[in-house]
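One-letter residues, chain by chain:
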Amino acid sequence: MMIRRPRLHAGFTLVELLIVVVILGVLAAIAIPQFSASTDDSKVAALDASLNNLRTAIELYYQQHGHYPSSVTGGGSYAADTEATFTAQLANYTSAAGVVSTTKTVVYKYGPYLKKATLPAEPINNIATVEIVTTGTLGMTATGSTGGWKFDNKTGQLIANITAYQTR
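Residues numbered from 1 in each chain as written. Predicted model: local features only at pLDDT ≥ 70, side-chain atom pairs only at ≥ 80, totals over all residues. Heavy atoms only, no water.

Colleague: Quick one: what's the story with the pairing of strand β4 (residues 149-152), residue by residue and with numbers?
Modeller: Residues of β4 alternate between two faces, with Trp149 and Phe151 on one and Lys150 and Asp152 on the opposite face, all of them buried. Two strands pair when backbone bridges link them, and strand β3 (residues 130-133) and β4 are joined in this way by 4 bridges, in the parallel orientation. Residue pairing for β4: Val130 is matched across the bridge by Trp149. Two elements, β4 and strand β5 (residues 158-160), share 3 bridges in a ladder whose sense is antiparallel. Of the residues in β5, the one forming a bridge with Lys150 is Ile159. (Buried < 20%, exposed > 50% of the residue type's maximum accessible area, 1.4 Å probe, protein only. Helix = DSSP H or I, 4+ residues; strand = E, 2+ residues; numbered from the N terminus. Pairing = 2+ DSSP bridges.)

Next up, the structure:
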């Protein structure tokens, strides 16, 4: 007489698979918000670094010229546009009067103060524009949440033009 042995089926049961899926779901629910928070933290850290670099460049410009960028015209095509003057005076060579040149000479011996020829983008909204104001009072506030930079060329104050980050 032959004894039948039961066949063993290799694999997982449906209950075991459901338990694993539930555990993975709980872990994902915990981990995903942590990753998004670290992304926000890195953007704020990049904003702080960008503000620090721009403020340093602006203060060095002030020390060498006696006025802030865009408070006097950059000459040539920069005579009417204060935003273009601001960027040009920080990104090119300048004379003591703030007139811009792309070539270093005896007269245009100051600068450039930025490594690139463009204004760095503000890292929260990735916008590289600057709003120039001439209020001359400290405590400037942002004009909204559109992004970019805001600069007072009388006081030298530079802020992120985002209401939530204007105090950085």
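Colleague: I'd like a rundown of the nonpolar core, residues and numbers included.
Modeller: Among the nonpolar cores identified, the biggest contains 22 residues, and Phe86, Trp149 and Phe151 are the most heavily contacted of them. At the level of elements, α1 (14-65), α2 (82-91), β3, β4 and β5 are the ones that each hand at least two residues to this core. Per element, the largest residue contribution to this core is 7 residues, and it comes from α1. Those residues within four positions of Phe86 in sequence are excluded, and the remaining contacts are Ile58, Pro69, Ser70, Leu119, Val130, Ile132 and Phe151. (Core = buried A, V, L, I, M, F, W, Y, C linked by side-chain atoms within 4.5 Å. Contact = heavy atoms within 4.5 Å.)

Colleague: Explain the pattern of salt bridges residue by residue, including any values.
Modeller: Within the structure shown, the criterion is met by 1 salt bridge. A salt bridge links Asp48 to Arg168; its shortest N-O distance comes to 2.8 Å. Remark: Arg168 occurs in the segment after β5 and Asp48 occurs in helix α1; sequence separation between them is 120 residues. (Salt bridge = Lys/Arg side-chain N within 4 Å of Asp/Glu carboxyl O.)

Colleague: Could you give an account of the environment of Ala49, with specific residues and numbers?
Modeller: With respect to the secondary-structure elements, Ala49 resides in helix α1. What makes Ala49 partly exposed here is its relative accessible area of 39%.

Colleague: Tell me about the sheet that holds β3, and please be specific about residues and values.
Modeller: The strand order across the open sheet formed by 3 strands is β3-β4-β5, and the pairing between neighbours is mixed. Each end of this open sheet is capped by a strand with a single partner; those strands are β3 and β5. Pairwise comparison of adjacent strand axes, ignoring direction, gives a mean angle of 20 degrees for this sheet. Docked against the sheet, α2 engages β3 and β4, running at close to 105 degrees with respect to β3. (Axes fitted to C-alpha atoms, helices over the stretch in contact; angles between N-to-C directions.)

The values reported here are purely geometric and, on their own, carry no functional implication.
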